[in-house]
Amino acid sequence: MDPRKHFSALQIIHRVLEEHVKPGDLCIDATAGRGKDTLFLANLVGETGHVTAFDIQAEAVESTRSLLAEHGVADCCTVIHGSHSDMAQHAQEGTV
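Scoring rules and cut-offs
- Note that residues are indexed from 1 along each chain, following the sequence as it is written.
- Only residues with pLDDT of 70 or above have their local features reported here, since the model is predicted, and side-chain atom pairs are shown and tallied only from 80 upward, although totals for entire chains, interfaces and linings are computed over all residues.
- Only heavy atoms go into the side-chain values, all of them from the structure, while hydrogens and water stay out.
- With a 1.4 Å probe rolled over the protein chains alone, any residue whose accessible area is under 20% of its type maximum counts as buried; one over 50% counts as exposed, and the rest are partly exposed.
- Numbering goes from the N terminus for both helices and strands, where a helix is a DSSP run of H or I of at least four residues and a strand is a run of E of at least two.
- The criterion used for residue contact is that any of the two residues' heavy atoms lie within 4.5 Å.
- Pairs of cysteine sulfur atoms within 2.5 Å are identified as disulfides in what follows.
- Axes here refer to lines fitted to C-alpha atoms; in helices the fit is confined to the stretch in contact. Angles between the N-to-C directions go from 0 to 180 degrees.
- Two helices cross in a left-handed way if the nearer one is turned anticlockwise from the farther one by less than a right angle. They cross in a right-handed way if the turn is clockwise.
- Amino acids are sorted into nonpolar (Ala, Val, Leu, Ile, Met, Phe, Trp, Tyr, Cys and Pro), charged (Asp, Glu, Lys and Arg) and polar (every other residue, Gly among them).
- Pairing between two strands requires that DSSP report at least two bridges joining them.

As a further point, take helix 2 (residues 36-45). Most of helix 2 is tucked away: 7 of the 10 residues are buried. Listing the buried residues of helix 2 in full gives T38, L39, F40, L41, A42, L44 and V45. On its buried face, helix 2 sits against helix 1 (9-20), strand 1 (26-29), strand 2 (50-55), helix 3 (58-70) and strand 3 (77-81). A positive phi of about 70° marks G46, the residue just after helix 2.

Before going further, it helps to spend a moment on the state of the cysteines. Enumeration over the complete set of coordinates arrives at 0 disulfides. In this structure C27 is not part of a disulfide, and its nearest cysteine sulfur, from C77, lies 9.6 Å away. Unpaired in terms of disulfides, C77 finds its nearest cysteine sulfur in C76, a separation of 3.9 Å. Take C77: its relative accessible area is 12%, and that puts it in the buried class.

This part is about the packing of helix 2 against helix 3. Packing of helix 2 against helix 3 brings their axes to within 9 Å, and their N-to-C directions diverge by 35°. Crossing handedness for the pair helix 2 and helix 3: right-handed. Residue-level contacts link K36, T38 and L39 of helix 2 to T64, L67 and L68 of helix 3. Its residues assigned to classes, the contact of helix 2 with helix 3 shows 3 nonpolar, 2 polar and 1 charged.

Let us look at the sheet that holds strand 1. Read across the open sheet, the 3 strands follow the order 1-2-3; overall the sheet is parallel. Only two strands of the sheet have a single neighbouring strand rather than two, namely strand 1 and strand 3. Neighbour to neighbour, the strand axes of the sheet diverge by 15° on average, direction disregarded. Inspection of the sheet shows strand 2 paired to strand 3 by 5 bridges, in the parallel sense. Within strand 3, the position partnered with T52 by the bridge is T78. Along the sheet, helix 3 makes contact with strand 2 and strand 3, crossing strand 3 at roughly 165°.

Here's what the structure looks like:
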């Protein structure tokens, strides 16, 4: 099987993000889950960027915070225990 012909949706999304998200950018992860996508974005935005992640589940928030700390990128991230429907309260209009 030719691996070039088989991509998961996640692989495609990661490639698109890698092409568009640059160091210094601001990103929002609307559903942090276990933190893997937040970590991915944090690595893309680097020390000069910022990622704000939301999740309504306390366990997901703690998991995300732990993963970010483990990888040394917690300083460029804010993890909010709350709904992404409230993101206007956490990000200035036009910044993301």
